[in-house]
Amino acid sequence: MHIDILTLFPEMIEAAAGSSMLGRAQRGGVLEINAVNIRDFTVDKHNKTDEAPFGGGAGMVMTAQPVFDALRSVHAEDSRLIYMSPKGRILDQDIVSSLSKDEHLVFLCGHYEGIDQRIIDFWKPDEISIGDYILTGGELAALVVIDAVSRMVPGVLGNESSVMGESVYSGLLEYPQYTRPRIYEGMEVPEVLLSGDHSRVGLWQYRRSLEETRDRRPDMWQAYLNKAERLELSKKELEILADVSGNESFRPRKRRKKKKKADVSSADIEGKQ
């Protein structure tokens, strides 16, 4: 996957993109992340990329010319363009999954009081927000999206199975994790995790995920219950779901054994006659 980030502060992108998971993925050739300095494209003799807004108002607005030219330099017209904006759709896992399927993503990071509306009208970007709060610019928001999307790209994570087992992907929050030592300041690791019984461990993890989601994220909990009947859950998992949810309709019904009909011989029939 190739990712271009158009920004006035490329050093912010380069520092984060060169570290940890994103850095390893780039060194391994799985990702290519390129920070494009919008200021390099301005024709203003003072190297300006912003002007006061028409009609008055506080702050400055990024001008159209350098942004247009920067977008054209990365062939944004043939790619999926994302503008980080508080007016956009709130980021969720469906958006992340959709973005992960594209080969080329272009992120436009605004700054100051925003960008000239003609940029949005002409380029029609996919506007995305990471929440209802204000940031100084779009760089940190873009990095949040890039980190989430990159995890979905095959080859970025060492253990591909860990992706789908995590919070949100499965529809449940993750169960508690423990590591060595077994006892620390009197706090012990749950016995089941030391048993070596993978079946018991899996059921314990499922129960704790259910409990965590029920107690911490009522919205996710309700969404999971709504789709639970369509999931391929084992009988033991259904028993646990019934216990945690308090909904007996999830509990598997025990089948009644059919009584065998007694064999009746022709002699018996003749005797009754």
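In what follows, the structure referred to is the one given above.
These numbers come from a predicted model, not from an experiment.

J.: What am I meant to see in the side chain of Ser209 here?
T.: For Ser209, the position within the fold is in helix α8 (residues 198-216). Excluding residues within four positions of it along the chain, Ser209 makes contact with Leu172, Leu173, Glu174 and Tyr175.

J.: For this particular structure, what's the right way to read the layout of surface pockets?
T.: To find the voids left in a structure, one rolls a probe of water-molecule size over its atoms. By volume, the largest pocket is sized at about 570 Å³. Tyr83, Met84, Ser85, Pro86 and Gly114 are the residues nearest the centre of the largest pocket, which is lined by 25 residues in total. The element that contributes the greatest number of residues to the lining of the largest pocket is strand β5 (residues 80-90), accounting for 5 residues. Of the residues in the lining of the largest pocket, the class split is 12 nonpolar, 10 polar and 3 charged.

J.: What is the right way to look at the pattern of salt bridges in this model?
T.: When the charged atoms of two side chains with opposite charge come close together, those side chains can pair. In this structure the tally under the stated criterion is 16 salt bridges. A salt bridge links Glu51 to Lys48, with the shortest nitrogen-to-oxygen separation between them at 3.7 Å. Residue Glu51 is classed as partly exposed on the basis of its relative accessible area, which comes to 39%. In this structure Lys48 comes out as partly exposed when scored by relative accessible area, which is 31%. The salt bridge involving Arg118 is made with Asp116; its shortest N-O contact spans 2.7 Å.

Reading guide: rules and limits
Residues numbered from 1 in each chain as written. Predicted model: local features only at pLDDT ≥ 70, side-chain atom pairs only at ≥ 80, totals over all residues. Heavy atoms only, no water. Helix = DSSP H or I, 4+ residues; strand = E, 2+ residues; numbered from the N terminus. Contact = heavy atoms within 4.5 Å. 1 Å grid on protein atoms, 1.4 Å probe; cavity = no way out; pocket = protein on both sides within 12 Å on 5 of 7 lines; lining within 4 Å. Points joined across faces, edges and corners; volume = space filled by probe spheres on them. Nonpolar A, V, L, I, M, F, W, Y, C, P; charged D, E, K, R; others polar. Salt bridge = Lys/Arg side-chain N within 4 Å of Asp/Glu carboxyl O. Buried < 20%, exposed > 50% of the residue type's maximum accessible area, 1.4 Å probe, protein only.

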